[in-house]
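Here's the letter readout for the chains.
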Amino acid sequence: MLVMVSGHSRMITARMLPTRTTADLIDGHWRLLTGWGAVPKTLVWDNEPGVGRGRPTPEFAALAGLLATRIYFCRPRDPEAKGLVERANGYLETSFLPGRVFTGSGDFNTQLTAWLQVANRRRHRTIDARPVDRWEADRASMLTLPPVGPPNWWPQTTRPGRDHYIRVDTCDYSVHPRAIGHRITVRTDTGGWSLVTVQGLDLDFLLPLPAGSRAGRSQVRVDGCSPIVLAV
């Protein structure tokens, strides 16, 4: 789960992500910051591999440039540097999670969003104020959200073997047999689809990512004459 806390108001926003990969973390950042309608001048991270260790990954450096913000990496073994987030994590574990049942990540995020609207109206003991009452002053000091978001397609290139299966995240897909031996480009959409382009052939098709597939391996068969074929 990606959790963000604003320093002045202690406003909390959070979202369950499919994985801790760079693509999902960037998508999570954009969704949460869009919800805020503003960008903090500094984002603090604890050397998360998907973000970078000591310096951002090329993808996160591009995100920081798009947002015109700075990414600060905590020193190793320095949990106090991100104490605001650690306390928010504990708050979520003890006040949000107990007793709840979730049908999936979408239901989890729906319940979490509704709960945070209530939680951010509770008085915060440290600042002796409600986060919602400080939020407008906090947001006024932030940067403007850019009009264009980061790309939500994440490419990978591979060449299917005789079994014409390709791996997308944790899923194995049986693709069109005409793709065997050809180099193909798979662009994964964080919304739950992958677009496969076969180089050298006029063949594009979509792969649906099954619900919950990113939590474990699954196999999906995609026929060449399936309705999801875009062009042959």
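Above this text is the structure in question.
Along each chain, numbering runs from 1 in the same order as the chain's sequence is written. The predicted origin of the model limits local features to residues at a pLDDT of at least 70 and limits the giving and counting of side-chain atom pairs to 80 or more, whereas totals for whole chains, interfaces and linings rest on all residues. Heavy atoms from the whole structure form the basis of all side-chain values; hydrogens and water molecules are not counted.

**Considering the overall build of the protein**
And then number 1: Helix and strand counts for the protein come out as 5 helices and 12 strands.
And then number 2: Accessible surface is estimated by sampling points in the Shrake-Rupley manner with a 1.4 Å probe; for residues, cover comes only from the protein chains shown. Looking at the protein as shown, the accessible area adds up to about 12800 Å², and 52% of this sits on carbon and sulfur atoms. Counting from the N terminus, the helices are the DSSP runs of H or I reaching at least four residues and the strands are the DSSP runs of E reaching at least two.

**Notes on the side chain of Asp-138**
And then number 1: Residue position: Asp-138 is located in helix α5 (residues 131–140).
And then number 2: The side chain of Asp-138 is buried and forms no salt bridge, while Arg-10, the nearest opposite charge, is found at 7.5 Å.
And then number 3: Contacts: residue pairs with any heavy atoms within 4.5 Å of one another. Dropping the residues within four chain positions of it, Asp-138 is found in contact with Ser-6, Gly-7, His-8 and Ser-9. Each residue's exposure class comes from its accessible area (1.4 Å probe, protein chains only) as a fraction of the maximum for that residue type: buried when under 20%, exposed when over 50%, partly exposed otherwise. The sign given to each residue is positive for Lys and Arg and negative for Asp and Glu; His and the chain ends receive no count. Within this document, salt bridges are pairs made up of a side-chain nitrogen of Lys or Arg and a carboxyl oxygen of Asp or Glu, the two lying within 4 Å of each other.

**Some words on the layout of surface pockets**
And then number 1: A 1.4 Å probe that fits into a set of points on a 1 Å grid over the protein atoms alone but cannot get out defines a cavity; an open set with protein on both sides within 12 Å along at least five of seven lines defines a pocket, and lining residues are those with an atom within 4 Å of a point. Grid points are joined across faces, edges and corners, and a volume is the space filled by probe spheres set on the points. Its volume calculated, the largest pocket comes out at about 840 Å³.
And then number 2: Lining the largest pocket are 32 residues, and of these Val-3, Met-4, Val-44, Trp-45 and Val-85 sit closest to its centre.
And then number 3: Going through the elements one at a time, β1 (2–5), α1 (22–36), β3 (42–45) and α3 (83–96) are the ones with two or more residues in the lining of the largest pocket.
And then number 4: Residues were grouped as follows: Ala, Val, Leu, Ile, Met, Phe, Trp, Tyr, Cys and Pro as nonpolar; Asp, Glu, Lys and Arg as charged; and all remaining residues, including Gly, as polar. Grouping the amino acids of the lining of the largest pocket by side-chain chemistry returns 17 nonpolar, 7 polar and 8 charged.

**Some thoughts on the pattern of salt bridges**
And then number 1: For the coordinates displayed, the defined rule picks out 5 salt bridges.
And then number 2: Here Arg-20 makes a salt bridge to Glu-48, at a shortest N to O gap of 2.9 Å. Of this pair, Arg-20 sits in the loop between β2 (12–15) and α1 while Glu-48 sits in the loop between β3 and α2 (58–67); the two residues are 28 residues apart in sequence, bridging distant segments of the chain.
And then number 3: Among the salt bridges present, the one from Arg-31 reaches Asp-27, with a minimum N-O distance of 2.8 Å. With Arg-31 and Asp-27 both in helix α1 and 4 residues apart, this pair spans about one turn of that helix.

**Brief notes about the side chain of Glu-48**
And then number 1: For Glu-48, a relative accessible area of 13% gives the class buried.
And then number 2: What Glu-48 contacts, discounting residues up to four positions off in sequence, is Arg-20 and Leu-25.

**A closer look at the packing of aromatic side chains**
And then number 1: Only Phe, Tyr and Trp rings are paired, with Trp represented by its six-membered ring, and only when their centres lie within 6.5 Å; those with planes under 30 degrees apart are stacked, over 60 edge-to-face, the remainder tilted. With the rule as written, the count across this model stands at 6 aromatic pairs.
And then number 2: Pairing Trp-36 with Trp-135 gives two aromatic rings, centres 5.1 Å apart and planes at 50 degrees, and the pair type is tilted. Within this pair, whereas Trp-36 is found in helix α1, its partner Trp-135 is found in helix α5, the two being separated by 99 residues in sequence.
And then number 3: The exposure class of Trp-36 is buried, given its relative accessible area of 7%.
And then number 4: What makes Trp-135 buried here is its relative accessible area of 9%.
And then number 5: Ring geometry for Phe-102 and Phe-108: centres 4.6 Å apart, planes at 50 degrees, overall tilted.
And then number 6: The class for Phe-102 is partly exposed, based on a relative accessible area of 27%.

**What about the environment of Asn-120?**
And then number 1: Here Asn-120 is to be found in the loop between α4 (105–119) and α5.
And then number 2: Sequence separation between Asn-120 and Pro-131 is 11 residues, and the spatial gap between their C-alpha atoms is 5.4 Å.
And then number 3: With near-sequence residues (within four places) excluded, Asn-120 lies in contact with Arg-10, Met-11, Ile-12, Arg-130, Pro-131 and Val-132.
And then number 4: Among the polar contacts listed, one links the side chain of Asn-120 to the backbone oxygen of Ile-12, at a separation of 3.0 Å. Think of a polar contact as two N or O atoms within 3.5 Å of one another; within protein, one of them needs to be a possible hydrogen donor and the other a possible acceptor, and neighboring residues in sequence only count if both atoms come from side chains.

Honestly, it's all geometry; don't read function into it.
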